[in-house]
Amino acid sequence: MYRYDEFDARFVRERVAEFAGQVARRLDGSLTEDEFKPLRLKNGLYLQLHAYMLRIAVPYGTLSSRQLRQLAHIAETYDKGYGHFTTRQNLQFNWPKLKDVPEILGLLADVEMHCIQTSGNCIRNVTADQFAGVAADEVEDPRPTAELIRQWSSLHPEFGWLPRKFKVAVTGAEHDRAAIKVHDLGLKLKRHPDTGEIGYEVVVGGGLGRTPMIGKVIRDFLPRAELLAYLEAVMRVYNSEGRRDNKFKARVKILVHEIGAEEFVRRVEEEYAKLDGPTVNAPVEEVERIAAYFAPPAYEALPSVSILLDQARAAAPALDAFVRQNAFPHRQPGYVALTVSLKPVGGVPGDMTADEMRAFADIAERYSFDELRVTHAQNLVLPHVRQDEVPEVFAALKAAGLATANAGLVTDIIACPGLDYCALATARSIPIAQEIAREFSDEAEQRDIGPLQIKISGCINACGHHHVGHIGILGLEKNGRENYQITLGGDATENAALGERLGPGIDAEAVPGAIRAIVSTYLERRQHGEAFIETVRRAGLDPFKTAFAEVIREAAE
Amino acid sequence: MTLITWNGQAQSQFLAVETAEALAAAEGPVIVPLALARAALDGRRNAPLGLLVANDASPDDIAPFFDKVELIAIAFPSFSDGRGLSLARKLRRAGFTGRLRASGPVIADQFADCLACGFDEVDLPEGVAARQPMEQWLKARSTVTSHYQTGYAHGASILEQRRAGRGGASS
Ligand code: SF4
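- The name an unreviewed UniProt entry gives chain A is Sulfite reductase (NADPH) hemoprotein beta-component, with Consotaella salsifontis as the organism.

See the structure below:
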């Protein structure tokens, strides 16, 4: 993984000093609260319902064991002993004190981490496929691109005061696990069909929130070397022309929507023609320098099938279930990537205690080349595990309470913090996730239902990405009561689609039953091994609407 | 108004005028809105002229005056509106070599970025200036010593410094 050189290290230290100065200047009155707010947000510091919240960047979701241990230390020393992984592969601490923040930032800098641009109206922390460098369907590892963008976007002198936040995601694979079509800007690494040269498909104007939109392709093929200059052109058009009169219409998706994708492309290309690309772009040596950090680890040459693992699985059903559910094929023979679920039934999706972090750091160090990943589904990944060692890893995970075999299943629920923490929330999301998980706690039943993504947001800002959940749940407030809208058919992958509402909103108590009714409808209708989302696509919404209406009728009686 | 330049506080020579009448009455260097630019040039005394432009003005409308004015001031309606930074870049790229001023309630924390985008100075309303004295501006200017982005006026970028470290190999 990437390691800071002297420049990166100094840069992050200087940013810590800058922020410490900003805190001091707020305290002595040099900065008003209005002036300080965007400055603290740009450094990931929010004021939540009960306390400050600090959001730490996990660039493209890659961490080392040492970094995770430091996060455990911070959780214990400055928080209540746990952290929360978010849908943008970041980590949040919910209880830090303002006075401790500069010190926490120093501890992060010690392990090459920071909070730069994890919030605010700027280019946010860049996300990527959690199986980068692992997936067989990958044209190229997206992380060198993401790292280049991390550097380029950090304290950008021109694009720090955008109309609104700007989120970038990168994928290098055919199957899109980074949800690039619902980001402000998405990049997909691809090969030019004629020349074989590597470049990018560029997608702009996707996003969720109160006006969900699927992004539009604005460049079919951008040569790799031109990346930064082209991004500069996109950002300059957005910075100059994005709406600033209404914060709900300020995202780039609204600009693209209002002027049309064609006109947006025309403006970007006009700007691109004017700027001095060769100056802006990273030299090829720099691109190679970064890429070298992401070279594959020193794998052993192994047979592609592990007899040892096969035998262990045959003897231990729990191990077998874990592997079947949480293993992801590795491109390197004899290895496998393991998803480690942070969604035990009854737990808070994405929460991890300091003890769990330490235990997990040890496992990653010993069995996965000292590397781990954070997924946008709020889980973790051990990217490079020897198949032979999976039984040991499973035992170690189990001992740490981290062996929940539900990756991608109905209980692997994405939920935003909601009313338990968030100042903007209109309803709770975490307890809803917990209730649904309890409803489907039977593991055999979960496996029978198969892949099914439930995503929950506690208000229309949609941090839980409910629009692109196979089943989406949006918590609103109606006549002083929490009220939940259920959508169906959303998809965040290359088949990106927004879910449609099944009917009127329902009470919190009715949600698990409604999900049960939807799942039963699927089980009745599914044809030969169809996954949930496939049945929804084929059968349409009607049968689900009928079942949902029945739930509402019963609730009314 | 308080003027802050790279070196510290300075005195503005220019008087801001907003109407044709005020323009007629003014002596010495003035700053006029873009709409009065023609009138100001036609009735020119020899005093230097500055232009005040909105942050959404088109560079094409301003370019004809590049060699006729000494200063262009871009209005910052609020510190959180970053359009002026992009406009500054565009004016520099289009060839304006005179003085470029950010005019409005910019904060010290933005000074380095303003300079990097091509501004020479910031003209502050008294409220901000009183809270954020000149020393804060000079400190903010140099807290972060190197940046990643190439092509901005903040010295050699980190990418360029790395390249130099590699022995200046060209791409
Ligand atoms: S969706 Fe709403 S409630 Fe949930 S985290 Fe985002 S802003 Fe808060």
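**Observations concerning the overall build of chain A**
- Counting its regular elements, chain A contains 19 helices and 20 strands.
- Against the globule reference of 24 Å for 557 residues, chain A gives a C-alpha radius of gyration of 23 Å, in line with a compact fold.
- Overall size of chain A, expressed as C-alpha extent along the three principal axes, is 60 × 60 × 55 Å.
- Out of the 557 residues in chain A, the part that is buried amounts to 63%.
- Contacts spanning at least 24 positions in sequence make up 67% of the contacts within chain A whose residues lie at least 6 apart.
- Summed over its atoms, the accessible surface of chain A is roughly 20,100 Å², and 52% of this surface lies on carbon and sulfur atoms.
- Taking the 65 positively charged and 78 negatively charged side chains of chain A as two groups, their mean positions are separated by 4 Å.

**What to know about the sheet that holds strand β16 (residues 414-415) of chain A**
Residue and element names in this part refer to chain A.
- Across the sheet, 5 strands lie side by side as β16-β17-β18-β19-β20; this open sheet has mixed pairing. Among the strands making up the open sheet, the edge pair consists of β16 and β20 (500-501).
- Across 2 bridges, β16 lies against strand β17 (residues 454-457) in parallel orientation. Considered in β17, the bridge of A415 is made with I456.

**Digging into the domain arrangement of chain A**
Residue and element names in this part refer to chain A.
- With domains assigned, chain A is organised as domain 1 (6-110), domain 2 (127-292), domain 3 (307-399) and domain 4 (414-556).
- For domain 2 and domain 4, the distance between their C-alpha centroids amounts to 31 Å.
- In this complex, domain 2 contributes 12 residues to the contact, which on the side of domain 4 involves 12 residues.
- Considering only the side of domain 2, the residues that lose the most area to domain 4 are L208, R210 and I214, jointly responsible for 39% of the buried surface there.
- The interface formed by domain 2 and domain 4 holds 0 salt bridges in total.
- Along the contact surface separating domain 2 from domain 4 lie 4 residue pairs in polar contact (both at pLDDT 80 or more).

Parameters at a glance
Residues numbered from 1 in each chain as written. Chains lettered and ligands numbered in written order. Predicted model: local features only at pLDDT ≥ 70, side-chain atom pairs only at ≥ 80, totals over all residues. Heavy atoms only, no water. Helix = DSSP H or I, 4+ residues; strand = E, 2+ residues; numbered from the N terminus. Rg over C-alpha atoms; globule rule 2.2 N^0.38 Å. Buried < 20%, exposed > 50% of the residue type's maximum accessible area, 1.4 Å probe, protein only. Contact = heavy atoms within 4.5 Å. Areas by Shrake-Rupley, 256 points an atom, 1.4 Å probe, with all protein chains shown as cover. Lys, Arg positive; Asp, Glu negative; His and termini not counted. Charge placed at Lys NZ, Arg CZ, Asp CG, Glu CD. Pairing = 2+ DSSP bridges. Domains from an automatic or database assignment. Buried area = accessible area lost by both parts, 1.4 Å probe. Salt bridge = Lys/Arg side-chain N within 4 Å of Asp/Glu carboxyl O. Polar contact = N/O pair within 3.5 Å; in protein donor to acceptor, adjacent residues only side chain to side chain.

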